[in-house]
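# Residue-level structural notes
Here is what each chain is made of, one letter per residue.
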Amino acid sequence: MSALLDFVLTLDRLKSVDRRNSVAGGARFENTAEHSWHAATMALVLREACAFPVDAHRASRMLLLHDVPEIECGDTFLYDAARADASQSEALALDRLLTGLPADAAAEMKALWHEFTDAVTPEARYAYAIDRLMPVLLNIANDGDVWRRHGVSRDRVLAMNQPVAEVFPSLWPMVRARIEAIFDRIDGGA
């Protein structure tokens with residue numbers, strides 16, 4: 001039981017991992033704990049918009065766990081070239097963070113994390129799309145501030161967020177139109 005309580009306290013460190021996105025309104029950077037909570041809640045809310053049947057509760061559990069390795073690795077920006085190498089270091093970090101937990105609890109968390117990162121099951125594809133959608137919505141709310149600051153192009157944003165289009169075909173036209181409007185202003189110098 002002590003290991004479980006220690007792990008719960010370790011999770012508190014997610015609150016100290018800043019992400020590149022600002023919260024809506026741009027007052028400060030979002031942290032990983034906020035992102036994980038928000039994405040997990042989105043999984044429960046957006047189920048009806050998903051293009052296929054999905055267990056939203058399983059997806060929500062994945063989203064609560066998917067960024068736990070950031071306690072050790074920090075957040076890797078979606079548009080960063082280092083993103084390709086992040087999965088391996090995150091898997092090693094997860095193994096270290098789960099050390100000491102009861103074997104069944106560690107195995108369940110590890111299985112959910114790997115299911116999310118493999119993005120093959122319906123729930124993982126759903127969760128993965130939500131993980132992409134959340135930062136897009138924050139960028140839309142903040143008039144593309146992160147995209148502007150980091151020189152991310154319209155084409156890159158659209159390409160990297162293709163999972164959102166595939167999983168949420170009814171939402172994507174609205175999201176894409178908002179992305180396009182922001183980039184029209186960025187490209188037009190407004």
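Above this note sits the structure.
Let us look at the structure shown here. (Residues numbered from 1 in each chain as written. Predicted model: local features only at pLDDT ≥ 70, side-chain atom pairs only at ≥ 80, totals over all residues. Heavy atoms only, no water.)

## Describing the overall build of the chain
- The helix and strand inventory of the chain stands at 11 helices and 2 strands.
- Relative to the globule expectation of 16 Å for 190 residues, the C-alpha radius of gyration of the chain, 17 Å, shows essentially globular dimensions.
- Overall size of the chain, expressed as C-alpha extent along the three principal axes, is 55 × 35 × 30 Å.
- Expressed as a percentage of the 190 residues in the chain, the buried residues total 48%.
- Here the contacts in the chain between residues at least 6 apart in sequence split such that 71% fall between residues at least 24 apart.
- Accessible surface computed for the chain: about 9,500 Å², of which carbon and sulfur atoms make up 56%.
- Across the chain, 20 positive and 28 negative side-chain charges occur, with their mean positions spaced 3 Å apart. (Helix = DSSP H or I, 4+ residues; strand = E, 2+ residues; numbered from the N terminus. Rg over C-alpha atoms; globule rule 2.2 N^0.38 Å. Buried < 20%, exposed > 50% of the residue type's maximum accessible area, 1.4 Å probe, protein only. Contact = heavy atoms within 4.5 Å. Areas by Shrake-Rupley, 256 points an atom, 1.4 Å probe, with all protein chains shown as cover. Lys, Arg positive; Asp, Glu negative; His and termini not counted. Charge placed at Lys NZ, Arg CZ, Asp CG, Glu CD.)

## Digging into helix α3 (residues 56–65)
- Along α3, the residues classified as buried are Ala 56, Ala 59, Ser 60, Met 62, Leu 63 and Leu 65.
- Looking at the packing, one finds that the buried side of α3 touches α2 (32–45), α6 (103–118) and α7 (122–141).

## A few points about the pattern of salt bridges
- This model, assessed by the stated rule, comprises 17 salt bridges.
- As a salt-bridge pair, Arg 58 and Glu 115 come within 2.5 Å of each other at their nearest N and O atoms. Here the residue Arg 58 occupies a position in helix α3, and Glu 115 occupies one in helix α6, the gap between them amounting to 57 residues.
- With its nearest N and O atoms 2.8 Å apart, the salt bridge here joins Asp 143 to Arg 148.
- According to the relative accessible area criterion, Asp 143 is partly exposed, its value standing at 30%.
- For Arg 148, a relative accessible area of 36% puts it in the partly exposed group. (Salt bridge = Lys/Arg side-chain N within 4 Å of Asp/Glu carboxyl O.)

## Considerations on unusual backbone geometry
- Located in the positive-phi region is Ala 119, a residue other than glycine, with phi close to 50 degrees.
- With respect to the secondary-structure elements, Ala 119 resides in the loop between α6 and α7.
- For Asp 143, which is not glycine, the phi torsion reads 55 degrees and is therefore positive.
- For Asp 143, the position within the fold is in the loop between α7 and α8 (145–149).

## Comments concerning the environment of Tyr 79
- Of note, Tyr 79 is situated in the loop between α4 (70–73) and α5 (83–98).
- The sequence separation of Tyr 79 and Gly 151 amounts to 72 residues, and the corresponding C-alpha distance is 9.7 Å.
- Sequence-distant contacts of Tyr 79, defined by excluding residues within four places in its chain, comprise Trp 147, Val 152, Arg 156, Val 157, Met 160 and Asn 161.

## Quick look at the packing of α3 against α6
- As a packed pair, α3 and α6 sit with axes 9 Å apart at the nearest point and diverge in direction by 95 degrees. Considering the angle they form, α3 stands roughly perpendicular to α6. Here Arg 58, Arg 61, Met 62, Leu 63 and Leu 65 of α3 lie close against α6, whose contacting residues are Glu 108, Met 109, Leu 112, Trp 113, Glu 115 and Phe 116.
- Taken together, the residues that form the contact of α3 with α6 break down as 7 nonpolar, no polar and 4 charged. (Axes fitted to C-alpha atoms, helices over the stretch in contact; angles between N-to-C directions. Parallel < 35°, antiparallel > 145°, perpendicular 65-115°, else oblique. Nonpolar A, V, L, I, M, F, W, Y, C, P; charged D, E, K, R; others polar.)

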